[in-house]
Amino acid sequence: MAEKSPKRWSQDVTENSNALDLEKGVFTLKDPKKIASSLKRSAEHSKRRKSDPYRSAMSMLTFYINRAGKDLSHTQRDRLEKAKDELRKAFHRNPSN
């Protein structure tokens with residue numbers, strides 16, 4: 001059996017996370033509001049998450065940003081950071097929560 005490349009473990013977590021069933025291509029959407037609403041929908045409908053929907057959605061978004069690291073363009077990183085703000089709005093949280 002072939003061993004998985006160590007560089008692919010984060011992709012495996014994103015695709016097979018036990019926390020959320022993400023919509024395919026959610027992190028490549030162009031509109032931060034659509035990214036946030038997709039993550040919110042996934043978190044609210046998940047039967048397997050271990051935390052509240054807001055924390056699960058924000059954790060998955062943060063995980064993706066951190067794992068993509070230097071491979072994210074400035075534009076992509078900016079869009080995903082804006083998606084965090086949209087996620088906070090969608091869950092009626094202020095930035096300090």
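The paragraphs below set out a description of the structure included in this document.

Conventions used here
Residues numbered from 1 in each chain as written. Predicted model: local features only at pLDDT ≥ 70, side-chain atom pairs only at ≥ 80, totals over all residues. Heavy atoms only, no water. Helix = DSSP H or I, 4+ residues; strand = E, 2+ residues; numbered from the N terminus. Buried < 20%, exposed > 50% of the residue type's maximum accessible area, 1.4 Å probe, protein only. Contact = heavy atoms within 4.5 Å. Areas by Shrake-Rupley, 256 points an atom, 1.4 Å probe, with all protein chains shown as cover. Axes fitted to C-alpha atoms, helices over the stretch in contact; angles between N-to-C directions. Parallel < 35°, antiparallel > 145°, perpendicular 65-115°, else oblique. Left-handed = near helix turned anticlockwise from the far one by under 90°. Nonpolar A, V, L, I, M, F, W, Y, C, P; charged D, E, K, R; others polar. Expected span 1.5 Å × (residues − 1).

## With respect to the overall build of the protein
Phase 1: Helix and strand content of the protein: four helices and zero strands.
Phase 2: Taking all 97 residues of the protein together, 34% fall into the buried category.
Phase 3: For the protein, the proportion of contacts with a sequence separation of at least 24, taken over those separated by at least 6, is 60%.
Phase 4: When the accessible area of the protein is evaluated, it comes to approximately 6900 Å², of which 49% is carbon and sulfur surface.

## Focus: the packing of helix α2 (residues 32-45) against helix α4 (residues 74-90)
Phase 1: Contact geometry for α2 and α4: axes closest at 8 Å, N-to-C directions at 55 degrees. Classified by the angle their axes make, α2 and α4 are oblique. The two elements α2 and α4 meet at a crossing, and its hand is right-handed. Between α2 and α4, the contacting residues are P32, K33, I35, A36, L39 and K40 on the first element and R79, L80, K82, A83, E86, L87 and A90 on the second.
Phase 2: Partitioning the contact of α2 with α4 into residue classes produces eight nonpolar, no polar and five charged.

## Comments concerning the packing of helix α3 (residues 53-68) against α4
Phase 1: The contact between α3 and α4 brings their axes to 11 Å, and the two run at 170 degrees. Judged by the inter-axis angle, α3 sits roughly antiparallel to α4. Residues Y54, A57, M58, L61, T62, Y64 and I65 of α3 form the contact with α4, whose own contacting residues are R77, L80, E81, A83, K84, L87 and R88.
Phase 2: Residues of the contact of α3 with α4, tallied by class, amount to nine nonpolar, one polar and four charged.

## Structural notes on α4
Phase 1: For α4, spanning 17 residues, the distance from its first C-alpha to its last is 24 Å, which sits close to the expected 24 Å at 1.5 Å a residue.
Phase 2: For α4, the set of buried residues is R79, L80, A83, K84, E86, L87 and R88.
Phase 3: The elements touched by buried residues of α4 are α2 and α3.
Phase 4: Following α4 by one or two positions, H92 has its phi on the positive side, about 55 degrees.

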